[in-house]
Every structure is written in structure tokens, then in C-alpha cells.
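# Structure at a glance
Here is what each chain is made of, one letter per residue.
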Amino acid sequence: MASNRRRRHPGIRRRNTVTGYALLAPSLFGVVCFMLLPVLVVVWLSFQSWDLIGPIGFVGLDNYRSVLSDGVFGNSLLVTILFVALVVPIQTLIGLGAASLLTRDLPGSAWFRTIYVLPWICAPLALGVVWKWILAPTDGALNTLVGARIEWLSDPALALPTVAAVVIWTNVGYVTLFFMAGLLNIPEQILEAARIDGAGPVALFWQIKIPLLRPTMFFVLVTTVISAFQVFDQVYALTQGGPAHTTDVVAARIYYEAFSAFDLGRAAVMAVVLLVVLVVITLAQQLYFRRRVTYEMD
Amino acid sequence: MKWTRTAGIYLVLGLGAAFTLAPFLLSILTAFKTREQFAGQSVLAWPDPFTVDNIVRVLAGPAEFGRAVLVTLLAAVLILIGQLVCSILAAYAFARVDFPGRQVLFWVYLSTLMIPPVVLIIPLYLMMTQAGLRNSFWSLVLPFAFASPYAVFLLREYFRGIPQELIDAARLDGANTLDVLVEIVVPLSKPIIATLTLITIVSHWNSFMWPLVVTTGPQWRVVTVATASLQSQFNGNWTLVMAATTLALVPLLVLFLVFQRQFVRSITISGFK
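Residues numbered from 1 in each chain as written. Chains lettered and ligands numbered in written order. Predicted model: local features only at pLDDT ≥ 70, side-chain atom pairs only at ≥ 80, totals over all residues.

Another aspect to go through is the domain arrangement of chain A. The domains assigned to chain A are domain 1 (2-45) and domain 2 (64-297). Summarising the inter-unit geometry, the C-alpha centres of domain 1 of chain A and domain 2 of chain A are found 37 Å apart. (Domains from an automatic or database assignment.)

Here it is, written out as C-alpha cells:
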């Protein structure tokens, strides 16, 4: 019908074009200037040398050679992957567990849900600073309460798991919310039918609920993997990438490379690599999900 | 059996809640203690004497936290207004105006959702420096005040649910596109606008990496940057540092408790941040 009208009145079409672009203009200006242009600029900058003060000069592939040949960035990628591999599965399991306890219609469930979400809406930097004190070796809350002197943040073996634990603590409520919504969306008839067929609570959970939660699971995994890959605030507050680069995640590396080492070209190379990695992860997860869905409908 | 199972569930939920709340409570308790009490007594002890010295020192002292609160709020409000106006206009164009290139541009918008914010920090810094805006109030606001593809996406979905007859009727009465937006579309979209308002204010109150990079010195510090700089400046002076974190956290806790249901809905429909 819309196309009929358009064919009959070329004037309306022209007016729609003008109206459409006029309405879009301010937002499109922002998208072009502050999202698309910066992506081009960061690619361009990755072929330049800049120390924040002096002139910018073309250096060809030097930055790429330097970033890919020294071990610093390789270490950061490895640390980040390790971090994601710690954070995502653990917070997904805790969130799933909490959600299955909170969807049993027990009185007070809404209150628990509210409490669990609190860390998620607060500033990760401020919470990181609170945890920095809680985990401080001599006058920290945790060590004084348990009467030990554990170097949570300065022992190279403990630092990354500790930062991961703080991030998990922040994210669990978010994951819980989505699994609650997913569980509540499962039609009661399906569960009833499974119960009549003799499925116990364990079978019901693993064989009925988990498969039906796949869309939720997909959404939670995509968003949490992507955000964990970019973690910065908590690392900045807790360890600044140390000790001995054991928590030197990619976002922190980019920051220190640019604003402590004043090598913007190298920082740009790292940003380009991060962009490629995250776009590939997003697209791969999309493809995987599509395939699973069509498989399911066969 | 049934009774013990329920008790067990509450025990697990309660422990989880205690673990979630503990850092907030510890931060607030410590913020109101004297240095002497902090050094001498258990971290769990009630503040005695109860002192607001730390809060006052943080707000008015060299960290200029009071100023940081104002800068953060003003920046967040300007970003909010800019994003809402631009996104409502764009979302209406995508939802209800049939213009050539609409499909392609919408895909461009969707694909920008894949760009990680961290990647934009370095090029935006270069652009702001070239524009002479580094370490200015506008450098905090401009990059975010025009476009939020996310808001456009959510608003478009919502606008598509508004009955076309309402818009056609207003058209027949001689309303132009702006009239339709102001008199019909926006009033009918209050819930989604409220959601976006919460999301935008919260995420810009919390934002850290960009303000840290683009500002130097106390002039245009935002709350998170002021907290971080206070922590490095008064390292180990935990009563003072916890006063800063308390000031950064409590406004959001209050906001959350007041708008609890809207917040929970906002997170589930948008998956922010």
C-alpha cells in the first residue's frame, strides 16, 4: 500500500526524503563524527607515530611490527582471555543458580533480586576502590576479619583471580535478572507435560529448562564476553595492570601505552586488534546461534 | 523435608545478599569514622563518635569533590537532553518516514553497536586535541550528545507500536511532523523515555575511562576521576577514601531504590551498559 501511494504521488516521495533526512541529520552527525570517523582515525593512527606533543608522522607498519614482536601485547591478550574464561562461566553458573532459586515464588524474592542488582548499576571504579581497601594487605577489611595477611592484589598468582572475583561480584545480578526473565518465560504447560512423563526436578532443569533458555544464554554470553574483554575500571582501581603484568588486560594496556608511555601509534594498533577480535567474536556467536536455531526447528 | 529445603534456599539467598551488600555497608560505615577509630577498632564497629569530617573534607577539600559532582551532573543532563532529542527525531524517521536509504542507514546504526567503546578512546582523544577541546567541559559532553544508536533502536521499536491511525488523524487536522512528535509520539512513549533517562544518567555518572583520558587537573574532573585521584593522593587514608566512594555510590543507591521497578525493567529490555 505504501508503495502504491508513493507511485501515485512523486511529490510525497520527495517530501518524505526531505523529512526523513532532516529528522535523521543531528543523530547521523553524531554517528558519523563520533563513531564511524573515529574508527577510520584509529586505523590511520596505527600507521603513524605520535607522542601526544610532537608532530604526527607516517611510519608504515612499524607500530604493527613493534606491537606484534614484543611480548607485552601478547601477554595482555593472554591475560584478557584468561580473565574472560574465569569471569564468564563462573558468573553464568552463579546467575543461573540464583535465578532458579528466585523463581520459586518464595516471599521476599523481589528483595533479593533488587539487592543482587545493586553492584551492577553502581560505578565500577568506585566499587573497585572499595574493594581495593577491603583487600588491602595490612588494614584491609578482609584480612583483619579473617586474621590473615594475604596479598590478594600483589601476589602474582592471586591478583588475576581476585580481580575476576570482584568483577563477578559486580555482574552476577545482571546475569541473574536475565535468567529470571528466561525461566519465567517458559510455558507452564511444557513443565507440566514433562512432570507427567515422570521427569524429576533435576531432569526438568537440565533437560527441559536449560535447552529452552538457549536464547537467554546466548544474549547473556554475548554481552558478558564483550564487556569482560573491555574491562578497565576495576583493573585501574585494583592493580593498575600489576603485579608483573599479571592483570595487564588489553584495555589497560591501551591506556598505559597511550598515556604513560606516550606511544599513541602502538596504542592505536592494540585498539585495532581489539576491534577486530570483538567484531569476529560477535559475528561468530551470531552465526553459531543461527545454526543452532535452524537445527532446533528441523 | 519441604521445610528444611525452604530454609536452605533462604540461607543461600541470605548469604548472597550479605556478600553483595557488605562492601557498600563497609564503605558507608568507614566514611563516618575517625582515623583513630578506624585504626583501633574492628572494621565492623559502628562509627563512634559519628563524624561527618571525612565527607566535608572530601566535598570541600583539595579534591574538589563538590565541584566534580556538579560537573558530572551537568554533563550527564546535557548528554541526556541531546541524546533524547536527536534519537527521538531519528527513531521517528526510521519508524514512520519512508525515505530512500532508510534500510541501509538502519543497518549502519545497528552495526555501530558492535564498536567497543574502548577502541574509540584513542581516536576521540586525538580529535578532541586537534579541535582544541582537550580538558574542556565540552570534551566530556560532545562525543555522546548526538548519537546513541542504542536509544534510536529502542525508540524505533516503541514508535512502531503506536497506531498509525492516531498519526493520520492528527495529520488530517493539519499537524506537521514536529506537531505529531510533540503531541502524540512523545506523550505515548513516556515509559521508554523514562527507561532511557535512567540508563543515560546512570551510565554517565559511572563513566570513567573517557573523562580520565580527556581531562587533566581538578577543573573538569568527574566523580569517578575525583575518586580515583583521591585514592592515589591519600593512599592508605581509608576513612577519607571511603567518604569519596560513599559519595559516588549513595546517590545511585537512592535512585535505584526509588525507581527499582523501572530500573529492573530497563536492564532487561535494554541489557545496558
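Let's pick the thread back up.
Of all hydrophobic cores here, the largest spans 164 residues; its most connected members are Ile254, Met270 and Ala271 of chain A together with Ile122 and Ala244 of chain B. Excluding residues within four positions of it along the chain, isoleucine 254 of chain A makes contact with Ala267, Met270 and Ala271 of chain A together with Val118 and Ile122 of chain B. (Core = buried A, V, L, I, M, F, W, Y, C linked by C-beta atoms within 7 Å. Buried ≥ 20, exposed ≤ 12 C-beta atoms within 10 Å, placed from the backbone. Contact = placed C-beta atoms within 7 Å.)

Helix H13 (residues 223-233) of chain B sits mainly inside the fold: 8 of its 11 residues count as buried. Every buried residue of H13 of chain B is accounted for by Val223, Thr224, Val225, Ala226, Thr227, Ala228, Leu230 and Gln231 of chain B. (Helix = DSSP H or I, 4+ residues; strand = E, 2+ residues; numbered from the N terminus.)

Further remarks concern the packing of helix H4 (residues 71-102) of chain A against helix H8 (residues 159-184) of chain A. Residue and element names in this part refer to chain A. At a closest axis distance of 6 Å, the pairing of H4 and H8 adopts a crossing angle of 40°. Classified by the angle between their axes, H4 and H8 sit oblique to one another. Considering only the axes of H4 and H8, their crossing is right-handed. Tallied by class, residues from the contact of H4 with H8 come to 21 nonpolar, 6 polar and no charged. (Axes fitted to C-alpha atoms, helices over the stretch in contact; angles between N-to-C directions. Parallel < 35°, antiparallel > 145°, perpendicular 65-115°, else oblique. Left-handed = near helix turned anticlockwise from the far one by under 90°. Nonpolar A, V, L, I, M, F, W, Y, C, P; charged D, E, K, R; others polar.)

Quick look at the interface of chain A and chain B now. At the interface, 71 residues of chain A touch 70 residues of chain B. The element that contributes the greatest number of residues to the side of chain A that touches chain B is helix H2 (residues 10-45) of chain A, accounting for 19 residues. Looking at the side of chain A that touches chain B, its residues break down into 57 nonpolar, 11 polar and 3 charged.

All names here are of chain B. Looking at the assigned domains, one finds that chain B contains domain 1 (1-51) and domain 2 (66-270). Put simply, the middle of domain 1 and the middle of domain 2, counted by C-alpha atoms, are 34 Å apart. At the level of secondary structure, the elements contributing two or more residues to the side of domain 1 that touches domain 2 comprise helix H1 (2-31) and helix H2 (35-40). Per-element accounting of the side of domain 1 that touches domain 2 gives the leading share, 5 residues, to H1.

The subject of this paragraph is the packing of helix H6 (residues 124-134) of chain A against helix H14 (residues 238-258) of chain B. To describe two helices that pack against each other, one gives the angle between their axes and the distance between the axes. Orientation of H6 of chain A relative to H14 of chain B, taken along the N-to-C sense of each, is 150°, at an axis distance of 9 Å. Classed by the angle they form, the pair H6 of chain A and H14 of chain B counts as roughly antiparallel. The hand of the H6 of chain A/H14 of chain B crossing is left-handed. Taking contact as the criterion, the partners of Ala126, Val129, Val130 and Trp133 of chain A in H6 of chain A are, on H14 of chain B, Trp238, Val241, Met242, Thr245, Ala248 and Leu249 of chain B. Per-class residue counts for the contact of H6 of chain A with H14 of chain B are 9 nonpolar, 1 polar and no charged.

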